[in-house]
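Residue-level structure breakdown
Given next are the chains, with one letter for each unit.
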Amino acid sequence: MSREKLFDDAAVLERAADLFAAHGYQGTSLAMLLDATGLGKQSLYNSFGDKRALYLKSIECAAARYASVHARMAQARDGRAAVAAFFSQLIGQCASSDPGRKSCIVSAGLLEGIDDEVIAHRLRDKWLGTHELLRAAVERGQKDGSIRSPEPSATLADLLLSVMGGLRVSARAQIEPSRLKRTVELALAMLDRVDAGVSSDTS
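1. Looking at the nonpolar core
Residues Met 73, Val 83, Phe 87 and Leu 167 are the most contacted members of the largest nonpolar core, which totals 29 residues. Going through the elements one at a time, helix H5 (67-75), helix H6 (79-94), helix H9 (117-144), helix H10 (153-172) and helix H11 (177-190) are the ones with two or more residues in this core. Look past the residues within four positions of Leu 167 in its chain and what remains in contact with it is Phe 87, Leu 90, Ile 91, Cys 94, Leu 180, Thr 183 and Val 184. One finds Tyr 55, Cys 61, Cys 104 and Leu 123 within the second-largest nonpolar core, a separate group that totals 24 residues.

And the structure:
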């Protein structure tokens, strides 16, 4: 007869995701994972597999946190408001006192350059998923008139994604939230520019 679990898998993954985001894949030791989750080595392995398997599950856990902002973006009055909702949540995370919430497991993993094909593919997939989320919001705004820039939506999404990554790094560098908010304001102002050169690429 199997023994009943005395812990919640989702809560363990939340703690592991924060740890990986704050310290990176290589920088997170088994001892750190055991301390953060409160589990023994065998319990951790039995439920989640080895460190690599736990990291992959943690990526999915971290991505699932954005379900709420996806809903806010979908419910926004227009495309520009959807983009603003995305960055509003991001600023809130950057202002957190928790290093794991300040960081993003995906951007941290990509910067780390993890030498594992499956992990690298999963990280790229999540990054491109965020790009598509922003691109679709920009395209929506261009169609409803709330975003005036004639630049291709994919190009503007490139810009916004770069801003997102920079905000994460700035937050870890203890840059004041007011400065991060100003950065977002300037980035969103680019969406209103009508004098930008139009790229030959299509959105």
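From this point, things continue past the structure.
2. As for the packing of helix H1 (residues 9-23) against helix H4 (residues 51-64)
At a closest axis distance of 8 Å, the pairing of H1 and H4 adopts a crossing angle of 95°. As the angle between them shows, H1 and H4 are arranged roughly perpendicular. Contacts between H1 and H4 involve Leu 13, Glu 14, Ala 16, Ala 17 and Phe 20 on the former and, on the latter, Lys 51, Leu 54, Tyr 55, Lys 57, Ser 58, Cys 61 and Ala 62. A per-class count over the contact of H1 with H4 returns eight nonpolar, one polar and three charged.

3. Considerations on H10
The terminal C-alpha atoms of H10 lie 29 Å apart, and with 20 residues this matches the ideal 28 Å at 1.5 Å per residue to within 8%. The complete set of buried residues in H10 reads Ser 153, Leu 156, Ala 157, Leu 160, Leu 161, Val 163, Met 164, Gly 165, Leu 167, Arg 168 and Ala 171. Packing partners of the buried residues in H10 comprise H6, helix H7 (99-102), helix H8 (105-112), H9 and H11. Backbone geometry just downstream of H10 places Gln 174 in the positive-phi region, at approximately 65°.

4. Digging into the environment of Ala 81
Looking at where Ala 81 falls in the secondary structure, it is placed in helix H6. For the pair formed by Ala 81 and Arg 179, sequence separation is 98 residues and the distance between their alpha carbons is 21 Å.

5. Concerning unusual backbone geometry
Peptide bonds are trans in most cases, and residues, glycine excluded, mostly fall at negative phi. At Gln 174, a residue that is not glycine, the phi angle is positive and equals roughly 65°. Its location among the elements puts Gln 174 in the loop between H10 and H11. Given a relative accessible area of 57%, Gln 174 falls into the exposed group.

6. Structural notes on the packing of aromatic side chains
Applying the stated criterion across every chain, the model contains four aromatic pairs. Judged by centre distance (4.9 Å) and plane angle (90°), the ring pair of Phe 20 and Tyr 55 falls under edge-to-face. On the criterion of sequence distance, the pair formed by Phe 20 in helix H1 and Tyr 55 in helix H4 is long-range, its members being 35 residues apart. The two residues Phe 20 and Tyr 55 agree in class, both being buried.

7. Looking at the layout of surface pockets
Rolled over the atoms, a probe with the dimensions of a water molecule shows which regions are left empty. Counted as a void, the largest pocket has a volume near 430 Å³. If you trace the largest pocket, you find 25 residues lining it, with Ala 62, Ala 63, Tyr 66, Cys 104 and Thr 130 closest to the centre. Contributions of two or more residues to the lining of the largest pocket are made by H1, H4, H6, H7, H8, H9 and H10. Residue contributions to the lining of the largest pocket peak at six residues, all from H9. Considering only residue class, the lining of the largest pocket consists of 13 nonpolar, six polar and six charged. Along the wall of the second largest pocket there are 14 residues; nearest its centre are Ser 107, Ala 108, Leu 111, Arg 168 and Val 169.

8. Structural notes on the packing of helix H2 (residues 30-37) against helix H3 (residues 41-48)
For any two helices packed against each other, the geometry comes down to the angle between their axes and how far apart the axes lie. Contact geometry of H2 with H3 gives a least axis separation of 10 Å together with a crossing angle of 90°. Of the possible angle classes, the one that applies to H2 and H3 is roughly perpendicular. Listed contacts from H3 to Leu 30, Leu 33, Leu 34 and Thr 37 of H2 are Lys 41, Leu 44 and Tyr 45. Its residues placed into classes, the contact of H2 with H3 shows five nonpolar, one polar and one charged.

9. Thoughts on the confidence of the model for the protein chain
The share of residues in the protein chain with pLDDT of 70 or more is 93%, and the mean pLDDT across the chain is 90. When mean pLDDT is compared element by element in the protein chain, H9 scores highest at 97, while H7 scores lowest at 76.

Criteria and thresholds
- The numbering scheme is per chain: residues are counted from 1 as the chain's sequence reads.
- Local features are withheld for residues below a pLDDT of 70 in this predicted model, meaning they are given only at 70 or higher, and side-chain atom pairs are given and counted only at 80 or more; totals for whole chains, interfaces and linings count all residues.
- Only hydrogens and water are set aside; all other atoms, that is, all heavy atoms of the structure, feed into the side-chain values.
- Residues enter a nonpolar core if they are buried and are Ala, Val, Leu, Ile, Met, Phe, Trp, Tyr or Cys, with the set joined through side-chain atoms within 4.5 Å.
- The classification of residues rests on relative accessible area computed with a 1.4 Å probe and restricted to protein chains. Under 20% of the type maximum is buried, over 50% is exposed, and intermediate values are partly exposed.
- Strands are runs of DSSP state E lasting at least 2 residues, helices are runs of H or I lasting at least 4, and numbering of each runs from the N terminus.
- Between two residues, a contact is recorded if the distance between any of their heavy atoms is within 4.5 Å.
- The axes used here are C-alpha line fits, helices contributing only the stretch in contact, and every angle between their N-to-C directions lies in the interval 0 to 180 degrees.
- An angle counts as roughly parallel when it lies under 35 degrees, as roughly antiparallel when it exceeds 145, as roughly perpendicular when it falls between 65 and 115, and as oblique in every other case.
- Polar here means any residue outside two lists: the nonpolar Ala, Val, Leu, Ile, Met, Phe, Trp, Tyr, Cys and Pro, and the charged Asp, Glu, Lys and Arg; Gly therefore counts as polar.
- Working rule for helices: expected span equals 1.5 Å times residues minus one.
- Note on aromatic contacts: the rings of Phe and Tyr and the six-membered ring of Trp form a pair at centre separations within 6.5 Å, being stacked when their planes are under 30 degrees apart, edge-to-face when over 60 apart, and tilted otherwise.
- Space inside and on the surface of the protein is sampled on a 1 Å grid over the protein atoms alone, with a cavity defined as a set of points where a 1.4 Å probe fits but cannot get out and a pocket as an open set with protein on both sides within 12 Å along at least 5 of 7 lines; lining residues have an atom within 4 Å of a point.
- Grid points are joined across faces, edges and corners, and a volume is the space filled by probe spheres set on the points.
- As a per-residue quantity, pLDDT reports the predictor's confidence and falls between 0 and 100.

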